[in-house]
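Overview (structure and organization)
Spelled out from the first residue to the last, the chains are:
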Amino acid sequence: MEDAVVSAATGAMGPVMGKLVALLGDEYRRLRSIHTEIKTLTRELETIDAFLENMAEAEDPNPQDKAWMKEVRELSYDVEDNLDEFMARVVADKSSKPEGLVDNIKSKLKRLKARHEIAKAIEDLKKHAIEVSQRNKRYRDHAISNTSRSPKIVDPRALAIFEDVSKLVGVDGPKKELLQRLADDQQQTKLVAIVGFGGLGKTTIANQVYQELKGQFEYRAFLSVSRNPDIVNVMSNIYGQLNHGYSGGGTENLQTLIAKILEFLQNKRYLIVVDDIWKVDDWNAIKCAFPRTSPGSKIISTTRINDVAESCCSSFSGHIYNLRPLNMMQSRQLLYTRLFNSEEKCPSDLKEIADQILQKCDGLPLAIVAISGVLAHKASKKDKWNQVKDSIGRALRNSSVEAMVNIIALSYLDLPRHLKTCLLYLSIFPEDHIIEKENLIKRWVGEGFICKESSRTMYESGEIYFNDLINRSLIQPTGIDGKCSEVKSCRVHDTVHDFIVSKAVDENFVTVIGVPGVNHDPQMKVRRLSLQNNGEIPACLIVSNARSLHVFGRNAKIPSVSQFGLLRVMDFEDCWQLKDYDLAGIGNLLHLKYLRLKHTGALKALPEELARLQELQIDIDGSVYEMEFPEAFQRLVCNVALYLNGHNKVPDETASVQRLRVLEGLSVYLQSVEFLKGLGQLKNLRRLGMVLIYYHCGRDWEANLKQAQSSVCELGKAGLESLHLYIDEEVVEIFEMDSWFSVPPYALRELVIEGKSVTRVPTWMASLDNLEKLHLRIYKMPEEEVKILGGLPSLRHLCIEWADFDYDDMFDDPPMEVVEAALRKAMEDHPNRPTLVWTTEWDPLPSFLQLRS
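Every value quoted in this text rests on a predicted model; they were computed, and no experiment measured them.

Our next topic: the overall build of the protein chain. A tally of helices and strands in the protein chain yields 25 helices and 24 strands. Burial status across the protein chain gives 53% buried among its 853 residues. Roughly 38,000 Å² of accessible area belongs to the protein chain as shown, and the carbon and sulfur atoms make up 49% of that amount.

Given below as C-alpha cells:
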C-alpha cells in the first residue's frame, strides 16, 4: 500500500505507522505497558499525515504551513530512527545465544534497558506530536480569520499566443511541417498532436498554425484544458466559440454539451485547437464532441505527456509531432533579438559568455526569454554576465526567471506523490550527470520510495516510475538500447535540475555539499547527503541521522563510515581516492540496503564485516579485477552484482561468492578453467554476460570455451534469467549453440547473441516459454526456424541482425527479404505482437558495455 513508503511530502510517516502497529503485536509483547501511548501516538500521526497529504497538493503554501510541514517530516524521521534502532536490537538479541549465568544476566539487562529506552522515546515522541499538532491548530485558527484570498499567478503560457510574430524564433520550420501533415488527407478529420517539454513553445506553435488556417474555416475554436480542468466549462467554451448564438447558462451537463456540439458540427468543416491536455481521461471526454467523418476538418492538440498524444492520434487519423528545442543559431537569434533587437548589435566580448548561458537553456524558448529578462537588467558588462552564467538557475526566486520556474513547478505539482519523491531524489546527482536506470531504481528501493505490490517486483515498479518520468518529459533519455528501444540511462535538464535541487534543499530532503550557490542549514539534521566536486562535510553538520550517502568524483573528501549509523543507501562513483580503511565499521550499518562501488580502483579488498548485513545488495562496477573477496563472502546472505569491462581477469575466489546475482562483461578466455568451473556452481546467478573473444597467446582456448559452455548449461538448470554472449569470428567455428544446453534453460527471459553470426536458431529455443527478449545475429533462417521464433509464447522484443554477406548463393535457404517478411508476419500474428527490429548493421562492442560506458 502506498502509505507504507517514504515520500518527500510526508517523510517517513507511512513506515512509522506500520512499525507502531507492529509494536502492538505478540513479537513485542513485553511492551504492553506502553500500548496506550503507542495507540495515542499512532492516532496523532494519522491526523498529521492526512493534513500533510492535503498540503502537499497546495500550489503555494504559506511560510507558516511550509515550516510546520518541514517540522512534522523531521519528526517522522526521528520516530522511525528510534523504532529501527529498537527493532534492530530485538533482532540481535534473538540471534545471540548467551553462554553461562553471567552472560545470560547481561543479556536480560540489555533487553530491559532497551525496553525502557523505547518506552521513554515513545512517550517523548507522543508529547512532541501532540505539541506540534496543537501549535499548528492555534496558528490555523488565527490565520483563517486574518487571511485574505491571494491572487492566482498568471500562467505565462496564457500570454504566449499574443507574442508579436516578428519576435518568434524557430517557428517557421515546425509550422511548415504541421501544415503539411494536416494537409495530407482532405477526406476525413485530421489530427496532429504536438508533444514536448513545458517551455518548448507548443502553445505558440499551435497558435501560429491556427492563425494561418482559421480564415479557411467558418467554425473554429482555440481552448486550453490545463492540469485540473472543469470539463463541463471546457465543453461550454468550445460550443460558445463554434456557435456564436450560444450564451451558456451553466445548466447543461457534460452529456448534453457533447451531444449539442456533435450535432452542431455534423456535415461542417471545423478547426479546433485543444491546448495543454494533461490526462487521457480528459481527452476521452473532449473527443466525443468531434465528428470523425467531417471532410477537411482539422484538430491540433498539445501536451507534454506521450500517452496523451498517442491517445489523441488513436482517436482520429493522427500524427504525433515531437517539438524539438531550438538549435544554437536559433537560440542566439532569440536572445540577441530580445536584448539588442538584432544579432549584429551584440558586443563581441559578450558572445562567448552568451553561448555558455544558452547551453544551459538547452534550446528552451521559455528559458531563453526568462534569462534574457535577467541579462537585460545587468547592462552589457562582461562581469555582470559572468555572474548570471555562474548563478543561473540557483536564484530561483528571482522574479526575472519566475515564468520559467512556474512552468517547471506546474509539471512538478501534477505528479503523484511517489513521482514527486523520485524526481526530487535526482537532486543528489551532479548537473549533467548521466544517471543509470538500474542504479537509480536500486537507490529508490533502498530508500523505501517504492511500494510493494503482489503483481510485480519492486524493481519492476521502479521501472514504471522511471518510464513515467521519461513520459512526462521531466527527465531526458540518453542511453537507449536500439535493439528493444529500452532506455538504460537518463539526464536531468539543467533548468529542471536547478528547480529540484532548490526544492529538495529547501525541504531538507537532500543536503548537497560542494556545489557553489547551494547552501545548507547547519541546524537541520541531514537526511540524504550528496558530496560532489571537492566537497567536505563541515564539522557543524549533523550527519548521524543521514539515510543515504552519495559521493561523486575523485576530489570529494571521503567521510568516515562510523559517522553514519542509520544509512540505507551508500554509493561511491568515480572515487579513486576510496581506501580500504574508509569502509571500516560498515558492518555496523544494520539498516544498509544498497551499496555501490563504481570505479573505485584504489579499493583493494572488501571488508569481511559486510557479511554481517543480511538485507544488503552490493554492486561493484569496473574495478573488481583488483579486488580481493574475503573468505567470509562465501557465507554472504546479501546479493552481489559484478559489472566488468570485458578485458580483465577476475580473482578465482569470485566463483565462491554464492550470493552472486549478476555477472556482466566476463572475458571467458582470460579466466582460469578453475574459475569457469566454479561459475557453474553459482546457483543464485540470474544474469550473465560473457565475451567470447579469442586472443592469440598460446593458451588452450577450447578448454575454456568447453568449460564455459558446461557451466552455462548448469546455470540454465538453476534458473538463469538473462544470458548475453558476444562472440568473434574464430569462436563461431567451434560455437555450436545446439549443444550448449542439454536441458533447455526454461527460466530464461532474455537471450542476446552479438558479434559474429551464428548458423541457426537452436532447437532448444522452442522450449523457452518465458523468453521475452531475443537478439540474434544470424545469416540464414529456414521456414521451420521462423516458426520457432513465432511460437515463443512470452516474446515481446525480437531483434535480428542479418549478416551482410552474400550467403544466398551458397545455401538453398530463403533470401533475406523473404525471411524478414515471414518474421514480420509471424510477429503480427503473435498474441503479444512483439516489436521486431531488423538490421544489417554490426556493433563492434557488446551492447551491455556500450550502455555502461
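By the criterion of burial, strand 23 (residues 797–802) is predominantly enclosed, with 5 of the 6 residues buried. For strand 22 (residues 773–778) and strand 23, the ladder comprises 6 bridges, and the chain directions are parallel. Pairing of Lys773 across the sheet is with His797, part of strand 23. On the question of chirality, the crossover connecting strand 22 to the parallel strand 23 by way of helix 23 (residues 783–790) is right-handed. Looking at chain direction, strand 23 and strand 24 (residues 835–839) are connected through 5 bridges and run parallel. Note on strand 24: the bridge partner recorded for His797 is Thr835.

All right, on to the pattern of salt bridges then. All told, the structure shown has 39 salt bridges when counted by the stated rule. Taking the shortest distance from any N to any O, the salt bridge between Arg568 and Glu80 comes out at 3.9 Å. A residue pair is termed long-range when its members are at least 10 positions apart, and Arg568 in the loop between strand 13 (548–552) and strand 14 (569–573) and Glu80 in helix 3 (residues 63–95) qualify at 488 residues. Looking at Arg568, the relative accessible area reads 7%, which means it is buried. Using a relative accessible area of 4% as the deciding quantity, one classes Glu80 as buried. Arg443 serves as the salt-bridge partner of Asp571, at 3.1 Å between the closest nitrogen and oxygen. Here Asp571 is found in strand 14, whereas its partner Arg443 is found in helix 17 (residues 437–447), with 128 residues between them in sequence.

As a further point, take the packing of helix 17 against helix 18 (residues 458–471). When two helices pack together, you describe them by how their axes are tilted relative to each other and by the distance separating the axes. With their axes 9 Å apart at the nearest point, helix 17 and helix 18 run at an angle of 115° to one another. In terms of crossing hand, the pair formed by helix 17 and helix 18 is right-handed. Taking contact as the criterion, the partners of Lys437, Glu438, Leu440, Ile441, Trp444 and Val445 in helix 17 are, on helix 18, Met458, Tyr459, Gly462, Glu463, Tyr465, Phe466 and Leu469. Tallied by class, residues from the contact of helix 17 with helix 18 come to 9 nonpolar, 1 polar and 3 charged.

Among the secondary structure elements, Asn704 is positioned in helix 21 (residues 701–718). The buried category is assigned to Asn704, whose relative accessible area is 4%. One polar contact links the side chain of Asn704 to the main-chain carbonyl oxygen of Val668, over a distance of 3.0 Å.

Within the open sheet, the 3 strands sit side by side as 6-10-7. Their pairing is antiparallel. With one partner strand each, in any of the chains shown, strand 6 (435–436) and strand 7 (476–477) form the two edges of the open sheet. Where strand 7 lies against strand 10 (residues 489–491), 2 bridges are found, and the strand directions are antiparallel. Residue pairing for strand 10: Pro477 is matched across the bridge by Cys490.

Before going further, it helps to spend a moment on the sheet that holds strand 2 (residues 219–226). Spatial ordering of the open sheet is given by 2-3-4-1-5, a layout of 5 strands whose pairing is parallel. Each of the sheet's edge strands pairs with one partner strand only, and the pair in question is strand 2 and strand 5 (317–322). Between one strand axis and the next, the sheet turns by 15° as a mean value, whatever way the strands run. Across 4 bridges, strand 3 (residues 270–277) lies against strand 4 (residues 298–303) in parallel orientation. From the neighbouring strand, Leu271 faces strand 4, where its bridge partner is Lys298. Each of strand 1 (190–195), strand 3, strand 4 and strand 5 touches helix 10 (residues 306–315); the most contacted strand, strand 1, lies at about 175° to it.

Even without being a glycine, Asn267 presents a positive backbone phi close to 60°. One non-glycine residue with positive phi stands out, namely His599, at about 55°. Judged by relative accessible area, His599 falls into the partly exposed class, the value being 26%.

A separate point is the side chain of His497. Tracing the chain through its elements places His497 in helix 19 (residues 494–506). The exposure class assigned to His497 is buried, which follows from its relative accessible area of 5%. Among residues more than four places away in sequence, those in contact with His497 are Leu426, Ser427, Phe429, Pro430, Glu431 and Val492.

Below, the discussion takes up the nonpolar core. Counting residues in each nonpolar core, the largest one holds 110 residues, and the members touching the most others are Leu423, Leu426, Trp444, Phe466, Leu469, Ile475 and Phe509. Beyond its immediate stretch of four places on either side in the chain, Leu423 contacts Tyr412, Leu415, Leu469, Leu474, Ile475 and Ile500. In this structure, Ile618, Ile620, Leu715 and Leu720 belong to the second largest nonpolar core, which totals 93 residues.

As a further point, take the packing of aromatic side chains. Applying the stated criterion across every chain, the model contains 13 aromatic pairs. With centroids separated by 6.0 Å and ring planes inclined at 75°, the aromatic side chains of Tyr239 and Phe264 adopt a geometry described as edge-to-face. Highlighted residues: Tyr239 in helix 7 (residues 231–242) and Phe264 in helix 8 (residues 254–265), separated in sequence by 25 residues. When the ring of Tyr336 is compared with that of Phe340, the centres are 6.5 Å apart and the planes differ by 50°; the resulting orientation is tilted. With a gap of 4 residues between them, Tyr336 and Phe340 both fall in helix 11 (residues 328–340), about one helical turn apart.

The element helix 16 (residues 417–425) is extensively covered by neighbouring structure, given that 9 of its 9 residues are classed as buried. Buried within helix 16 are the following residues: Arg417, His418, Leu419, Lys420, Thr421, Cys422, Leu423, Leu424 and Tyr425.

Turning our eyes to something else, we now look at helix 11. Owing to its 3.6 residues per turn, the α-helix brings residues three or four apart onto one side. Over its 13 residues, helix 11 runs 17 Å from end to end, which matches the ideal 18 Å to within 8%, given 1.5 Å per residue. Residues of helix 11 that are buried include every one of Ser331, Leu334, Leu335, Tyr336, Leu339 and Phe340, and no others. Two or three places before Met329, at the opening of helix 11, Asn327 has a side-chain oxygen 3.2 Å from that residue's backbone nitrogen. Positive phi shows up at Asn341, right after helix 11, with a value of about 70°.

A separate point is the packing of helix 7 against helix 8. Contact geometry for helix 7 and helix 8: axes closest at 9 Å, N-to-C directions at 25°. Between helix 7 and helix 8, the angle falls in the class roughly parallel. With respect to the hand of their crossing, helix 7 and helix 8 are arranged in left-handed fashion. The residues of helix 8 that touch helix 7, namely those facing Ile231, Val232, Met235, Ser236, Ile238, Tyr239 and Leu242, are Leu254, Leu257, Ile258, Lys260, Ile261, Phe264 and Leu265. Classifying every residue of the contact of helix 7 with helix 8 gives 12 nonpolar, 1 polar and 1 charged.

Turning next to the confidence of the model for the protein chain. Interpreting fine coordinate detail is not advised for predicted regions of low pLDDT. Overall, the predicted model of the protein chain reaches an average pLDDT of 81, with 81% of residues at or above 70. Across the protein chain, the secondary-structure element scoring lowest on mean pLDDT is helix 25 (residues 847–850), at 57, and the one scoring highest is strand 12 (residues 528–531), at 96. Counted against residues more than four places away or in other chains, residues 142–162, with its pLDDT under 50, gives 15 contacts. Overall, residues 393–401 carries pLDDT values under 50, and its contacts beyond four positions in sequence, including any with other chains, amount to 20 contacts.

Moving on to the environment of Asn519. Within the secondary structure, Asn519 sits in the loop between strand 11 (511–513) and strand 12. A residue is classified by how much of its surface remains accessible, and Asn519, at 61% relative accessible area, is exposed. Separated by 14 residues in the primary sequence, Asn519 and Val505 have C-alpha atoms spaced 7.9 Å apart.

Basis of the calculations
Residues numbered from 1 in each chain as written. Predicted model: local features only at pLDDT ≥ 70, side-chain atom pairs only at ≥ 80, totals over all residues. Heavy atoms only, no water. Helix = DSSP H or I, 4+ residues; strand = E, 2+ residues; numbered from the N terminus. Buried < 20%, exposed > 50% of the residue type's maximum accessible area, 1.4 Å probe, protein only. Areas by Shrake-Rupley, 256 points an atom, 1.4 Å probe, with all protein chains shown as cover. Pairing = 2+ DSSP bridges. Right-handed = clockwise from strand over helix to strand, strands pointing away. Salt bridge = Lys/Arg side-chain N within 4 Å of Asp/Glu carboxyl O. Axes fitted to C-alpha atoms, helices over the stretch in contact; angles between N-to-C directions. Left-handed = near helix turned anticlockwise from the far one by under 90°. Contact = heavy atoms within 4.5 Å. Nonpolar A, V, L, I, M, F, W, Y, C, P; charged D, E, K, R; others polar. Polar contact = N/O pair within 3.5 Å; in protein donor to acceptor, adjacent residues only side chain to side chain. Core = buried A, V, L, I, M, F, W, Y, C linked by side-chain atoms within 4.5 Å. Phe/Tyr/Trp six-rings, centres within 6.5 Å; stacked < 30°, edge-to-face > 60°. Expected span 1.5 Å × (residues − 1). Parallel < 35°, antiparallel > 145°, perpendicular 65-115°, else oblique. pLDDT = per-residue confidence, 0-100.

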